[in-house]
Amino acid sequence: MPRTLLILAVFCGVLGLAAKPPMQTKVTFKSENRRNLSIEYLLYLPEKHDADKETQWPLLIFLHGAGERGDNIERVKVHGPPKLIEKGRHFPFIVVSPQCPRGQVWDTQTLDAMLDDLLKKHRIDTTRLYLTGLSMGGYGSWSWGIKQCDRFAAIAPICGGGNFIKTYNAAGAKGAALRSLGIWAFHGGRDTVVPPGESERMIASLKKFGHPNPKLTLYPKARHDSWTVTYDNPELYEWFLKHQRK
C-alpha cells in the first residue's frame, strides 16, 4: 500500500475510534409478578457510561405516537430522541424508548413495572427522572407524569392532552409533588389532529390547582408535527437537567 494511503487509513481508523457512534439496543422486559406485563424498548447509554462505574445518570423516557406502534422496534426511531441518537447525537441521559403494541395505548401499569426494573438494573439518579412524548405519547406523558408526579422531576408532553380532572384529585404530598413538577408542553397552533386546546386545558387546570409555572410553547404556524423543532432544540434538554427531585 502506498505510504499516503497507509497514513490516510490509519488516520481514518483513529477518527473512527475517537468518534464512536452512539448505540441503541433492543431490550425485552417481562414481569412475572405483575399481571405478566411485558414491553420492548430501545436502550441508550451515555458515551462515558461504561468507563465511569460510579456516576448515576439521569433517565429520559420517550413515548412515541400512534403511528409507531407494533412489534418492529425500528419504527420507534422515526421521531424524537431515538431518531437523533440514530443520526449520531449523544445525550447526557440514559434514554429509554419503549414501543406500544399495535392497537393499544400507553398503559401506565406496564410503564411503572418497566421503570421499576430499570431502576434495579442501571445506575440511574432517581432524583432526575424525565418524561416526554408526542401525540399519543403526549397523552401518555400527561397521564403517567401526573400519576407519578412524585417520581418524575420534569415532563414535556408534545401535541397531547389529558384528563385535567386528575390534577384536582392530587392532595397532600402528592399535590405538593404535582405543584413542583417541571412541566413544559408544546403544541402546533394549526394542529387539526390534536387541537391546541388540549394542551391549553391542561396548563390552565394546573395553574388553577396552584402550579406556579407550567410552561406552554405554541408554534403559530405548525400543524401536528410540533415535535421535530422541539426535539431539535438543545434548550429542552438543558431545561430537563435543571429539574431535580429532593
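Check the entry above for the structure.
Now for a description of the structure that goes with this document. (Residues numbered from 1 in each chain as written. Predicted model: local features only at pLDDT ≥ 70, side-chain atom pairs only at ≥ 80, totals over all residues. Heavy atoms only, no water.)

All right, on to the nonpolar core then. Grouped together as the largest cluster of nonpolar side chains are 38 residues, with contacts concentrated most on L59, I61, V96, M114, W142, F152 and L178. Excluding residues within four positions of it along the chain, L59 makes contact with I94, V96, L115, L118, I124, R128, L129 and Y130. Ranked by size, the runner-up nonpolar core spans 25 residues in total, among them L84, A222, W227 and W239. (Core = buried A, V, L, I, M, F, W, Y, C linked by side-chain atoms within 4.5 Å. Buried < 20%, exposed > 50% of the residue type's maximum accessible area, 1.4 Å probe, protein only. Contact = heavy atoms within 4.5 Å.)

Attention now goes to the pattern of salt bridges. Where charged atoms from two side chains of opposite charge approach closely, those side chains can pair. One pass over the full model with this rule turns up 9 salt bridges. A salt bridge links R102 to D71; the shortest N-O distance between them is 4.0 Å. Placement of R102 in the loop between β4 (94-99) and α3 (108-121) and of D71 in the loop between β3 (57-63) and α2 (80-86) is noted, with a sequence separation of 31 residues between them. Classification of D71 by relative accessible area gives exposed; the value is 60%. In this structure, the salt-bridge partner of E86 is K77, at a minimum N-O distance of 3.3 Å. According to the relative accessible area criterion, E86 is partly exposed, its value standing at 49%. Relative accessible area serves as the criterion here: at 15%, K77 is assigned to the buried category. Put simply, E74, K77 and E86 are held in one network by salt bridges that share partners. (Salt bridge = Lys/Arg side-chain N within 4 Å of Asp/Glu carboxyl O. Helix = DSSP H or I, 4+ residues; strand = E, 2+ residues; numbered from the N terminus.)

The subject of this paragraph is the packing of aromatic side chains. Under the criterion given, the structure shown has 12 aromatic pairs. Between F93 and Y130 the ring centres are 5.9 Å apart and the planes differ by 85°, which places this aromatic pair in the edge-to-face class. Within this pair, whereas F93 is found in the loop between α2 and β4, its partner Y130 is found in strand β5 (residues 124-134), the two being separated by 37 residues in sequence. In terms of burial, F93 and Y130 fall into one category: buried. An aromatic cluster of at least three residues, connected via ring pairs, comprises Y44, F91, F93, Y130, W184, F186, Y219, Y237, W239 and F240. Directly above the ring of W184 sits K215, whose terminal nitrogen or CZ lies 3.6 Å from the centroid. (Phe/Tyr/Trp six-rings, centres within 6.5 Å; stacked < 30°, edge-to-face > 60°. Lys NZ or Arg CZ within 6 Å of the ring centre and 35° of its normal.)

This paragraph deals with the sheet that holds strand β2 (residues 38-44). Within the open sheet, the 8 strands sit side by side as β1-β2-β4-β3-β5-β6-β7-β8. Their pairing is mixed. With one partner strand each, in any of the chains shown, β1 (24-30) and β8 (215-219) form the two edges of the open sheet. Each neighbouring strand pair of the sheet contributes to a mean axis angle of 20°, computed without reference to strand direction. Of the pairings in the sheet, the one linking strand β6 (residues 154-158) to strand β7 (residues 182-188) comprises 3 bridges and is parallel in character. Considered in β7, the bridge of A154 is made with G182. Strands β1, β2, β3, β4 and β5 of the sheet are contacted by α3, whose axis makes an angle of about 45° with β2. (Pairing = 2+ DSSP bridges. Axes fitted to C-alpha atoms, helices over the stretch in contact; angles between N-to-C directions.)

On to the environment of K120. The residue K120 is located in helix α3 in this model. For K120, a relative accessible area of 73% gives the class exposed.

Moving on to helix α9 (residues 234-241). Since there are 3.6 residues in each turn of an α-helix, residues three or four apart along the chain are aligned in direction. Listed as buried for α9 are L236, Y237, W239 and F240. For α9, the buried positions fall inside an angular range of 155° around the axis, keeping them on one side. Capping the start of α9 is the job of one residue whose side-chain oxygen sits 3.0 Å from the backbone nitrogen of E235: N233. (Arc of directions from axis to C-beta. Polar contact = N/O pair within 3.5 Å; in protein donor to acceptor, adjacent residues only side chain to side chain.)

At a minimum axis separation of 11 Å, α3 and helix α4 (residues 136-147) run at an interaxial angle of 65°. Where α3 crosses over α4, the two elements pack in a sense that is right-handed. Between α3 and α4, the residues in contact are T108, Q109, L111, D112 and L115 and S143, W144 and K147, respectively. Here the contact of α3 with α4 is composed, by residue class, of 3 nonpolar, 3 polar and 2 charged. (Left-handed = near helix turned anticlockwise from the far one by under 90°. Nonpolar A, V, L, I, M, F, W, Y, C, P; charged D, E, K, R; others polar.)

Orientation of α4 relative to helix α7 (residues 197-209), taken along the N-to-C sense of each, is 20°, at an axis distance of 12 Å. The angle between the axes of α4 and α7 places the two elements in the roughly parallel class. With respect to the hand of their crossing, α4 and α7 are arranged in left-handed fashion. Across from Y139, W142 and I146 in α4, the residues of α7 making contact are E198, M202, I203 and L206. (Parallel < 35°, antiparallel > 145°, perpendicular 65-115°, else oblique.)

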